[in-house]
Amino acid sequence: MSEEVSNITKFVGDWYLARIYLSCKHRFHLGHWEASVDQKLHELDRLYSLVHQEASERRMLVLELIVVALFLFEVASTLFLRH
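Residues numbered from 1 in each chain as written. Predicted model: local features only at pLDDT ≥ 70, side-chain atom pairs only at ≥ 80, totals over all residues. Heavy atoms only, no water.

## As for the overall build of the protein
For step 1, the next point in the chain: Regarding its fold elements, the protein presents three helices and zero strands.
For step 2, the next point in the chain: Taken from N to C terminus, the helices and strands of the protein fall in the order α-α-α.
For step 3, the next point in the chain: Out of the 83 residues belonging to the protein, those deemed buried represent 6%.
For step 4, the next point in the chain: For the protein, the exposed area adds up to about 8100 Å²; of that, 66% sits on carbon and sulfur atoms. (Helix = DSSP H or I, 4+ residues; strand = E, 2+ residues; numbered from the N terminus. Buried < 20%, exposed > 50% of the residue type's maximum accessible area, 1.4 Å probe, protein only. Areas by Shrake-Rupley, 256 points an atom, 1.4 Å probe, with all protein chains shown as cover.)

Structural data, given as C-alpha cells:
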C-alpha cells in the first residue's frame, strides 16, 4: 500500500499523500492511541519515581546502620583496649 501511495504521489502530488495520511490517522484513531501511550508513559514515569525513591531510602538506611555499627565498634574497641 505504501508503495502504491508513493507511486501515486509522482503523478498527483504531495497534497494527495497528505490527505491519505490524514484519513488513515482518523480511521485508525491514532490520536486516541497517542493519548493512551502518553498516559501509560506518565504512569510508568510515576512508578519509576516511586521505586527510585524507595531504593534511595533503603540505601540511606543501610548507610546509617553501617555508621552506627562502626560507631559501636569504635566504642567497644576503646573499652576493651583500656582493660
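## Let's talk about unusual backbone geometry
For step 1, the next point in the chain: The backbone of His 29 sits at a positive phi, close to 55°, despite the residue not being glycine.
For step 2, the next point in the chain: For His 29, the location among the structural elements is in the loop between α2 (14–27) and α3 (30–82).
For step 3, the next point in the chain: Looking at His 29, the relative accessible area reads 46%, which means it is partly exposed.

## Brief notes about the confidence of the model for the protein
For step 1, the next point in the chain: With 87% of its residues at a pLDDT of 70 or more, the protein shows a mean pLDDT of 88.
For step 2, the next point in the chain: Per-element confidence in the protein is highest for α3, whose mean pLDDT is 95, and lowest for helix α1 (residues 2–11), whose mean pLDDT is 67. (pLDDT = per-residue confidence, 0-100.)

## Re the pattern of salt bridges
Two side chains bearing opposite charge may form a pair once their charged atoms approach each other closely.
For step 1, the next point in the chain: Counted according to the given criterion, the structure contains two salt bridges.
For step 2, the next point in the chain: Note that Arg 46 is salt-bridged to Glu 43, the shortest N-O span being 3.2 Å. Taken together, the positions of Arg 46 and Glu 43, both in helix α3 and three residues apart, correspond to about one turn of that helix.
For step 3, the next point in the chain: In this structure, Glu 54 engages Arg 58 in a salt bridge whose closest nitrogen and oxygen atoms are separated by 2.9 Å. Of the two residues, Glu 54 and Arg 58 are both situated in helix α3; the distance of four residues between them amounts to about one turn of the helix.
For step 4, the next point in the chain: Judged by relative accessible area, which is 54%, Arg 58 ranks as exposed. (Salt bridge = Lys/Arg side-chain N within 4 Å of Asp/Glu carboxyl O.)

## Examining α2
For step 1, the next point in the chain: Taking 1.5 Å as the rise per residue, α2 with 14 residues should run 20 Å; its terminal C-alpha atoms sit 20 Å apart, in good agreement.
For step 2, the next point in the chain: Just downstream of α2, His 29 is the residue with a positive phi angle, here 55°. (Expected span 1.5 Å × (residues − 1).)

## Quick word on a nonpolar patch on the surface
For step 1, the next point in the chain: There is a patch of nonpolar side chains on the surface, built from Met 60, Val 62, Leu 63, Ile 66 and Leu 70 and spanning about 470 Å² of accessible area.
For step 2, the next point in the chain: Mapped onto the secondary structure, Leu 63 falls in helix α3.
For step 3, the next point in the chain: Using a relative accessible area of 45% as the deciding quantity, one classes Leu 63 as partly exposed. (Patch = residues over 30% accessible without salt bridge, like charges linked within 9 Å, V, L, I, M, F, W, Y side chains within 5 Å.)

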